[in-house]
Number of protein chains: 6
Amino acid sequence: MTMSLQAPLRAFATALLLVAAPAPAIAETIEERRQRGDAVIRSLNNGVPQQTLERMRQEFPFLADAAEAYALGDVWSRPGLDSRTRQLAAVAAFAATGQTAFAKIHAGYALNIGVSEEELKEIVYLVTVPAGISRAIAASQAMSELFAERRAAPAKQ
Amino acid sequence: MTMSLQAPLRAFATALLLVAAPAPAIAETIEERRQRGDAVIRSLNNGVPQQTLERMRQEFPFLADAAEAYALGDVWSRPGLDSRTRQLAAVAAFAATGQTAFAKIHAGYALNIGVSEEELKEIVYLVTVPAGISRAIAASQAMSELFAERRAAPAKQ
Amino acid sequence: MTMSLQAPLRAFATALLLVAAPAPAIAETIEERRQRGDAVIRSLNNGVPQQTLERMRQEFPFLADAAEAYALGDVWSRPGLDSRTRQLAAVAAFAATGQTAFAKIHAGYALNIGVSEEELKEIVYLVTVPAGISRAIAASQAMSELFAERRAAPAKQ
Amino acid sequence: MTMSLQAPLRAFATALLLVAAPAPAIAETIEERRQRGDAVIRSLNNGVPQQTLERMRQEFPFLADAAEAYALGDVWSRPGLDSRTRQLAAVAAFAATGQTAFAKIHAGYALNIGVSEEELKEIVYLVTVPAGISRAIAASQAMSELFAERRAAPAKQ
Amino acid sequence: MTMSLQAPLRAFATALLLVAAPAPAIAETIEERRQRGDAVIRSLNNGVPQQTLERMRQEFPFLADAAEAYALGDVWSRPGLDSRTRQLAAVAAFAATGQTAFAKIHAGYALNIGVSEEELKEIVYLVTVPAGISRAIAASQAMSELFAERRAAPAKQ
Amino acid sequence: MTMSLQAPLRAFATALLLVAAPAPAIAETIEERRQRGDAVIRSLNNGVPQQTLERMRQEFPFLADAAEAYALGDVWSRPGLDSRTRQLAAVAAFAATGQTAFAKIHAGYALNIGVSEEELKEIVYLVTVPAGISRAIAASQAMSELFAERRAAPAKQ
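Residues numbered from 1 in each chain as written. Chains lettered and ligands numbered in written order. Predicted model: local features only at pLDDT ≥ 70, side-chain atom pairs only at ≥ 80, totals over all residues. Heavy atoms only, no water.

Caption draft 1: Representation of the overall build of chain A. When its secondary structure is counted, chain A shows nine helices and zero strands. Ordered by position in the sequence, the α and β elements of chain A form the string α-α-α-α-α-α-α-α-α. For chain A, the residues scored as buried account for 55% of the 157 residues in total. Put simply, 63% of the contacts in chain A that link residues at least 6 apart link residues at least 24 apart. Total accessible area computed for chain A in this model is approximately 6300 Å², and 62% of it derives from carbon and sulfur atoms. (Helix = DSSP H or I, 4+ residues; strand = E, 2+ residues; numbered from the N terminus. Buried < 20%, exposed > 50% of the residue type's maximum accessible area, 1.4 Å probe, protein only. Contact = heavy atoms within 4.5 Å. Areas by Shrake-Rupley, 256 points an atom, 1.4 Å probe, with all protein chains shown as cover.)

The following block contains the structure:
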């Protein structure tokens, strides 16, 4: 009965969210956040779960939650920024901080949702300004690996 | 006469550049790159030169050149990425590396070309994932200062 | 009445949490996480809300949520690490990454829960190994400011 | 005879050190510091010398000294912080700065002196706040490797 | 004929450059900057082109330009700093920021122009102060690899 | 008598050190290292003690020791690298890691021992390659402050 009372309120809150609300709905549970995170990762990862995340769930369940419920469910699912811009900004941030493995993963997601290789290359080029030519070269090597993997197995992840 | 021979070639190269060419034209001089950089900075800075850059020109002329001819003239003027996405990716990279003063400057440019405060806030939120909640909080404080300055003097810079 | 039904369940969940459970309860809402985060910050901040967090709530409500519900409510409230060790490890991480303002805030929390100035100094000294003598010196200056503020106003903050 | 004269003085100095003295004894030689560093590394490394340190001694003897006499002999041997807290703070600092190889080495020392895998996981989780979820994921992968190595060869280092 | 007209002017400009001029000549084209960069890299790399740079030219031509025309042609070819000091300062900066692969490449260039292994070791040692003992150890391992490669194939690379 | 026996040995060891020995003498005490560090800082700081170091001695005596006996006494006093090169490499490392306050201090020492403003500017320019144009701009502003302070009070510090 508690549920039946809360459900319409939540539906109303969700409707608000889709229109304008920048903050997550008040009554949101971790399960709902995880589900939203799962939906985000599937939209970025060609409909399949993300392997690293699944492996992490065994030994670091709370960190997997942080990645799924917080990073993907809270941050990555926000409506105020389109997915393409978010992915490109994330690639820039990962490349600028020297986290090339993550830059590659997020560049892969970017390709999956229709960002072009050329746009990713522009992000790499841009990174020379805040973080140096060497950081951009390191990122370019990760991108080249990714592009080659995609050409070798275009249908797969 | 040398000029009259090269000019049509350069016009042709420039035309190519505007259509698709990812690389700067072969014969491009530093003066042309500076002019293009100057045009970029004016487009981002409400039509006026950038103060920091002008001051730097006195004591660090080659660094001013790096900023104007290379960063603005080569990187920031490339056609393969729209200015809004570039500014947002740059703000993400500056915030993630803890360079909040530059995050603020580039967020100001973003506002000048029509990016909304809400979009900048989303970038700040996103930074929590690659760089931590503290880096995002530091960036949010720089953004709050910027937003307050704009409300105090909306017509100026 | 909804409250009176949920309250015993939450008490039971909390009891479980204190005994062994490493992961947050499945059905946990953001409101519950915020409340837990609020309890954590009060325990660290002498019973009063944290000023920076309160100001951030106005312009960056989702980032305030990330700080309160995620950082404090999820991470900082976990039972698997005692508060003293968590504060000292956090101070080390902030100091090593050059985030001296946050190192100072978290060192203040550490003092509030009974960590000694001497222990904080040992953390600063330790930072020389992973991050350099200069990073440690910068952190020592932030600590000296904090210690002086406490001596000037021992009962406050 | 020189030794027999100095020994009581050193015993006295050591006694002072254990009681209150925050600074190393004035007359301390590099040989004494090295010996203390060697004792520290053996206490952390199951009684055997550290391989990386031994290899470094051939080509970078002064850096091996910095590691042994300074890092281990001066910093890591200070009495003002218990070894468990120091190891956990060090793991946090190495993970937050992206030095995952060192985070793994120091997490191994932590296990050797009785820190639990669960406590190390909490440190990894904590790192999301000062340094981002990606830095914590990278550290979690290094920890998973370490835990697997220990299960495969529990008696060995 | 164009060439024969420009050659004396360029010789004059170069002469000026060697005497006092801190900024690149106004009319300098990207082709001239690339050629100067190519000359720099050959002087550092035993007369042969740099492999990484050549591979990058395929997929990231503008980044290859940034490396060749800007980094090598503009920055590395400036007369105000001798090549040995520049290489040593570059190795210090790469090692301090954790970019060990680039530290190794630039240390190799340093050896090629007559810097001694001992001087490189001193730079590694120095890095402990701004960036920590662990960053220096990581750099020392890259240097040891380089020194071993040179002993295995002294005439090559 | 112990002293009179050791003194000639130490003199011999010191003589060796000045000729070729890369490692500190075995029997070296912390007091000797501090004295050597004090001599180094006076040679860099126009004959006077360094203020920051003196203040740190009150609250962080072990960190002051790390700076004086280790950083200055062990690292900065090594004979294998000339002081000018060491200062320029240190400025590069501090600027590249965003530690502009330390870049300024060490640039001041560089000026004190005869490095020219122009050489420091070249180091700043070089930093664009490993660390980005923004890091170099931040360093250039610290250098401009320093240069202005020296012009205002040329005889002091």
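Caption draft 2: Main features of the relation of the copies chain F and chain B. Once chain F is rotated about the relating axis by 120 degrees and shifted along it by 0.0 Å, it coincides with chain B to within an RMSD of 0.0 Å. Between the two chains, the operation in question is that of a three-fold axis. Closest to the rotation axis within chain F is the C-alpha of F:Gly98, separated from it by 5.1 Å. (Least-squares fit on C-alpha atoms with pLDDT ≥ 70 in both.)

Caption draft 3: Quick look at the interface of chain F and chain B. With 16 residues of chain F at the contact, the number on the chain B side is 14 residues. Here chain F and chain B share an interface that buries about 1300 Å² over both sides, 69% of which is from carbon and sulfur atoms. At the boundary of chain F and chain B, one finds one salt bridge. Summed over the shared surface of chain F and chain B, the number is five residue pairs in polar contact (both at pLDDT 80 or more). Elements supplying a minimum of two residues to the side of chain F that touches chain B: helix H7 (117-126) and helix H9 (133-152) of chain F. By residue number, the principal contributor to the side of chain F that touches chain B is H9(F), which donates twelve residues. Class assignment for the residues of the side of chain F that touches chain B results in eight nonpolar, five polar and three charged. (Buried area = accessible area lost by both parts, 1.4 Å probe. Salt bridge = Lys/Arg side-chain N within 4 Å of Asp/Glu carboxyl O. Polar contact = N/O pair within 3.5 Å; in protein donor to acceptor, adjacent residues only side chain to side chain. Nonpolar A, V, L, I, M, F, W, Y, C, P; charged D, E, K, R; others polar.)

Caption draft 4: Inspection of the packing of aromatic side chains at higher detail. One pass over the structure, following the stated rule, counts 27 aromatic pairs over all chains. Aromatic pair A:Phe94 and A:Phe102: ring centres 5.5 Å apart, planes at 20 degrees, arrangement stacked. With a relative accessible area of 1%, A:Phe94 lands in the buried category. A relative accessible area of 15% places A:Phe102 in the buried class. Chaining the aromatic ring pairs together yields one cluster made of A:Phe60, A:Phe62, A:Tyr70, B:Tyr125, C:Phe60, C:Phe62, C:Tyr70 and D:Tyr125. The ring of F:Phe60 carries C:Lys121 above its face, with NZ or CZ at 5.7 Å from the centroid. A cation sits over an aromatic face here: D:Arg86 above D:Trp76, 6.0 Å from the ring centre. (Phe/Tyr/Trp six-rings, centres within 6.5 Å; stacked < 30°, edge-to-face > 60°. Lys NZ or Arg CZ within 6 Å of the ring centre and 35° of its normal.)

Caption draft 5: Examining the packing of helix H6 (residues 100-112) of chain E against helix H9 (residues 133-152) of chain E more closely. Residue and element names in this part refer to chain E. Two elements in contact, H6 and H9, have axes whose closest approach is 9 Å; the angle formed by their N-to-C orientations is 45 degrees. Classed by the angle they form, the pair H6 and H9 counts as oblique. As for how H6 packs across H9, the hand of that crossing is right-handed. Note on element contacts: H9 touches H6 through Ala138, Ala139, Ala142, Met143, Glu145, Leu146, Phe147, Glu149 and Arg150, opposite Thr100, Ala103, Lys104, Ala107, Gly108, Leu111 and Asn112. (Axes fitted to C-alpha atoms, helices over the stretch in contact; angles between N-to-C directions. Parallel < 35°, antiparallel > 145°, perpendicular 65-115°, else oblique. Left-handed = near helix turned anticlockwise from the far one by under 90°.)

Caption draft 6: Structural view of the interface of chain C and chain D. In this assembly, 28 residues from chain C lie in contact with 27 residues from chain D. The junction of chain C with chain D conceals about 2500 Å² of combined surface from both sides, 74% of it contributed by carbon and sulfur atoms. Its largest share of buried area at the contact with chain D, chain C owes to C:Glu122, C:Tyr125 and C:Leu126, together 22% of the area lost on that side. The tally of links between chain C and chain D comes to two salt bridges. One salt bridge in this structure joins D:Glu122 and C:Arg78, with 2.7 Å as the shortest N-O distance. Elements represented by at least two residues in the side of chain C that touches chain D include exactly helix H4 (61-75), helix H5 (83-96), helix H7 (117-126) and helix H8 (128-131) of chain C. The dominant element in the side of chain C that touches chain D, judged by the number of residues it contributes, is H5(C), at nine residues. Taken together, the residues that form the side of chain C that touches chain D break down as 18 nonpolar, five polar and five charged.

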